[in-house]
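Structural description and commentary
Now for the letters of each chain:
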Amino acid sequence: LLGTATTTSATTVLQPHSPMLATVLQLYLWFRRCFGGKRRRGRIVDLPFGLLLKVASPEGVPESDVIGFVNRHTSIPTPNVVASVGGYGRRFFVMKRVHGRTLESVLHTLDPAQRAKIAQQLHSFVSQLRSIKSPHGSSICALNGEALIDSRITTCGPVGPFVDETAFNDRLLQTSAPFKSKSDLAELRSRMRATHAIVFTHGDIAPRNIMVEGDTVVALLDWQQAGWHAEHWEFIKARWCPPDLRA
């Protein structure tokens, strides 16, 4: 029913032989909708035995593949994905629950020394990602060289791949076109560099995706938007989703 397991340095991903697992998970979701049940946030659902189910779009590189890649090349703590399967127009990920709290929920309680320690860990994580050499040259793309998911550009599905940063910048201008005059767009385009290094990028390092225990980062979540990007894009995306500092 479940299939065989593939193990990386930190993640064991079950590779099902049949769509039966997807059917079981789909029926479980239907049962919860009919009879109620605790839902965490987004498409995260509690399962028995200390597991969580994440339901995602079938588009793009499976998040389990990205997590496996990151585990092979870095020491970044990630969720432990135990099964990944597609079906019913979606993709199901079964993961072990990460014990801790989101940085967003505790940031206002941390003192400067604790914040600095967390920042140092995140600096190390980003540095490790940037040390991985892209096999796709100057292309801005998903892990596998194909179209990528990026909600800063579009929420209508995968976008790209882009042959280089110049093509990527042209696409950014298309996103801005409905909100800017032609003269503003021309000026913006003239200021956009196309000489950044292409590095592996998480693409969503927001406080809601950083799990901590005290001042220790225990997991970096949500790798669906990861890919090969210009080196400044990680900062752009982090600034795009600032933390809610309200107590």
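Remember, predicted model here, so these are calculated numbers, not experimental data.

The subject of this paragraph is the overall build of the protein. Each helix and strand in the protein was counted, giving seven helices and 11 strands. The long-range share in the protein, meaning contacts at least 24 apart out of those at least 6 apart in sequence, stands at 65%. By element, 57% of the accessible surface of the protein is carried by carbon and sulfur atoms, the whole surface being about 12800 Å².

This part covers the packing of aromatic side chains. For the coordinates displayed, the defined rule picks out five aromatic pairs. Taken together through their ring pairs, the aromatic side chains of Phe69, Phe200 and Trp228 make up a single cluster.

The calculated volume of the second largest pocket comes to roughly 470 Å³. Every residue lining the second largest pocket is counted, 15 residues in all, and those nearest its centre are Arg152, Leu172, Met192, His232 and Ile236. Of all elements in the fold, only helix 5 (165–176) and helix 7 (233–240) reach the threshold of two or more residues within the lining of the second largest pocket. Ranked by residue count, the leading element in the lining of the second largest pocket is helix 5, at six residues.

The sheet built from three strands is open, its strands ordered 7-9-10 with antiparallel pairing. With partners counted over all chains shown, the strands left at the sheet margins are strand 7 (101–102) and strand 10 (216–220), one partner each. Across the sheet, helix 4 (residues 112–130) is in contact with strand 9 (210–213) and strand 10; its angle to strand 10 comes to roughly 40°.

With that settled, consider unusual backbone geometry. For the peptide bond that leads from Gly160 to Pro161, omega is 0°, which places it in the cis range. Along the chain, the position of Pro161 falls in the loop between helix 4 and helix 5. For Phe49, which is not glycine, the phi torsion reads 65° and is therefore positive. Counting through the fold element by element, Phe49 comes out in the loop between strand 3 (44–47) and strand 4 (51–56). Here the phi dihedral of Tyr88 falls at roughly 60°; this positive angle occurs in a residue that is not glycine. Checked against the element boundaries, Tyr88 lands in the loop between strand 5 (81–87) and strand 6 (90–96). Among the residues examined, Tyr88 registers a relative accessible area of 49% and is labelled partly exposed.

Now for the pairing of strand 9. Where strand 7 meets strand 9, two bridges bridge the pair, whose relative direction is antiparallel. Each bridged residue has a counterpart across the sheet, and for Thr102 the counterpart in strand 9 is Met211. Judged from the four bridges that link them, strand 9 and strand 10 form a sheet pairing that is antiparallel. By the bridge assignment, Ile210 is partnered in strand 10 with Leu220. Remark: two residues form the turn of the hairpin made by strand 9 and strand 10, two consecutive strands paired antiparallel; Gly214 in that turn has positive phi of roughly 65°.

Attention now goes to the pattern of salt bridges. Per the stated rule, a full pass over the model turns up eight salt bridges. Between Asp215 and Lys117 there is a salt bridge, with the nearest N and O atoms lying 3.3 Å from each other. One end of the pair, Asp215, is in the loop between strand 9 and strand 10; the other, Lys117, is in helix 4, with 98 residues separating them in the sequence. The salt bridge partner of Arg189 is Asp170, with a shortest N-O separation of 2.9 Å. Here the residue Arg189 occupies a position in helix 6 (residues 182–190), and Asp170 occupies one in helix 5, the gap between them amounting to 19 residues. What emerges from the salt-bridge pattern is a single network uniting Lys54, Glu63 and Asp222.

Another point: the confidence of the model for the protein. Per-residue confidence for the protein gives a mean pLDDT of 88; residues scoring 70 or more make up 87%. The low-confidence segment residues 1–10 (pLDDT under 50) makes 31 contacts with residues lying over four places distant or belonging to another chain.

Moving on: the environment of Val98. Structurally, the position occupied by Val98 is in the loop between strand 6 and strand 7. Separated by 47 residues in sequence, Val98 and Leu51 have C-alpha atoms that sit 9.0 Å apart. Apart from the residues lying within four places of it in its own chain, the contact partners of Val98 are Pro79, Met211, Val218, Ala219 and Leu221.

With respect to the helices and strands, Gln114 occurs in helix 4. Taking the C-alpha atoms as reference points, Gln114 and Gly214, 100 residues apart in sequence, are found 7.8 Å from one another. Once residues within four sequence positions are removed from consideration, Gln114 is found in contact with Thr109 and Asp215.

Criteria and cut-off values
Residues numbered from 1 in each chain as written. Predicted model: local features only at pLDDT ≥ 70, side-chain atom pairs only at ≥ 80, totals over all residues. Heavy atoms only, no water. Helix = DSSP H or I, 4+ residues; strand = E, 2+ residues; numbered from the N terminus. Contact = heavy atoms within 4.5 Å. Areas by Shrake-Rupley, 256 points an atom, 1.4 Å probe, with all protein chains shown as cover. Phe/Tyr/Trp six-rings, centres within 6.5 Å; stacked < 30°, edge-to-face > 60°. 1 Å grid on protein atoms, 1.4 Å probe; cavity = no way out; pocket = protein on both sides within 12 Å on 5 of 7 lines; lining within 4 Å. Points joined across faces, edges and corners; volume = space filled by probe spheres on them. Pairing = 2+ DSSP bridges. Axes fitted to C-alpha atoms, helices over the stretch in contact; angles between N-to-C directions. Buried < 20%, exposed > 50% of the residue type's maximum accessible area, 1.4 Å probe, protein only. Salt bridge = Lys/Arg side-chain N within 4 Å of Asp/Glu carboxyl O. pLDDT = per-residue confidence, 0-100.

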